[in-house]
Amino acid sequence: MEFCGVKWGKVGNSKEYFFGEYHYTLDDKNRFFIPAKFREKLSLFGRILILTRGLEKCLLLYPREEWINLTEKIGKLPFTSSEARKFSRYLFSGAYECEIDAQGRISLPAPLKKYAEIKKDIVIVGVGKRIEIWGKEEWDKYTKEVEKEIEEIAGRLKEYGV
């Protein structure tokens with residue numbers, strides 16, 4: 001069992017999940033606040049976070065331990081698979097290590113800001129073991145589209161036991 005110096009307890013708690021939607025604005029230095037509820041849970045994992053490109057023009061924020069788990073899973077994909085190589089390159093080449101500052105903010109690297117088409121307003125969304133960061137305009141477009149088909153999607157997920 002590993003312990004961190006921040007709090008006495010097992011580093012990374014697999015039962016910690018992120019959920020909810022929070023709206024913030026980037027400051028002049030492209031920093032944004034992490035919601036207090038998320039900061040509490042993230043503190044259980046240590047100080048290092050990984051921020052990378054996601055799908056549908058969002059950014060993904062992972063506690064370091066969850067990132068390591070994901071990295072190990074991706075590492076098991078066959079190197080001979082063109083799709084596995086493309087996905088690995090896409091995900092890892094856009095990744096940045098970051099830390100939450102004393103005020104509860106992290107900096108948004110310019111390439112990720114450009115990728116996600118973030119202007120000033122952002123939406124931070126808890127999605128289980130990861131956090132997604134969206135430009136407000138992209139989030140609004142995405143949710144509007146999903147709302148049109150959510151009942152159909154829910155029906156299809158039934159075959160996965162959801």
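Just so you know, these numbers come straight off a predicted model, no measurement behind them.

A word on the sheet that holds strand S4 (residues 59-63)
Sheets are built from strands paired through backbone hydrogen bonds, the pairs being either parallel or antiparallel.
(1) Moving on: Judged by pairing direction, the sheet is antiparallel, and its 6 strands sit side by side in the order S1-S7-S8-S4-S3-S5 without closing on themselves. A single partner strand is all that each edge strand has here, and the edge strands are strand S1 (18-25) and strand S5 (96-99). Taken pair by pair, the neighbouring strands of this sheet meet at an average axis angle of 25°, ignoring direction.
(2) Moving on: Bridging between S1 and strand S7 (residues 121-128) involves 8 bridges; their strand directions are antiparallel. Of the residues in S7, the one forming a bridge with His 23 is Val 123.

A short note on the packing of helix H2 (residues 64-75) against helix H3 (residues 82-93)
(1) Moving on: With their axes 11 Å apart at the nearest point, H2 and H3 run at an angle of 160° to one another. Taken together, H2 and H3 sit at an angle that is classed as roughly antiparallel. For the crossing formed where H2 meets H3, the hand is left-handed. Of H3, the residues touching H2 (which contributes Trp 67, Leu 70, Thr 71 and Ile 74) are Phe 87, Ser 88, Leu 91 and Phe 92.
(2) Moving on: Its residues assigned to classes, the contact of H2 with H3 shows 6 nonpolar, 2 polar and no charged.

Describing the pattern of salt bridges
Side-chain pairs of opposite charge can arise where the charged atoms are in close proximity.
(1) Moving on: Counted by the stated rule, this structure contains 12 salt bridges.
(2) Moving on: Of the charged contacts, one joins Arg 31 and Asp 27 as a salt bridge, the two residues approaching to 2.7 Å between their closest N and O atoms.
(3) Moving on: Glu 66 is the partner of Lys 129 in a salt bridge, and the nearest nitrogen-oxygen pair spans 3.8 Å. Taken as a pair, Lys 129 in the loop between S7 and strand S8 (130-135) and Glu 66 in helix H2 lie far apart in primary sequence, 63 residues in all.
(4) Moving on: Each of the salt bridges in this network shares a partner with another, and the network as a whole consists of Asp 27, Arg 31, Asp 101 and Arg 105.

Reading the values: rules and limits
- Residues numbered from 1 in each chain as written.
- Predicted model: local features only at pLDDT ≥ 70, side-chain atom pairs only at ≥ 80, totals over all residues.
- Heavy atoms only, no water.
- Pairing = 2+ DSSP bridges.
- Helix = DSSP H or I, 4+ residues; strand = E, 2+ residues; numbered from the N terminus.
- Axes fitted to C-alpha atoms, helices over the stretch in contact; angles between N-to-C directions.
- Parallel < 35°, antiparallel > 145°, perpendicular 65-115°, else oblique.
- Left-handed = near helix turned anticlockwise from the far one by under 90°.
- Contact = heavy atoms within 4.5 Å.
- Nonpolar A, V, L, I, M, F, W, Y, C, P; charged D, E, K, R; others polar.
- Salt bridge = Lys/Arg side-chain N within 4 Å of Asp/Glu carboxyl O.

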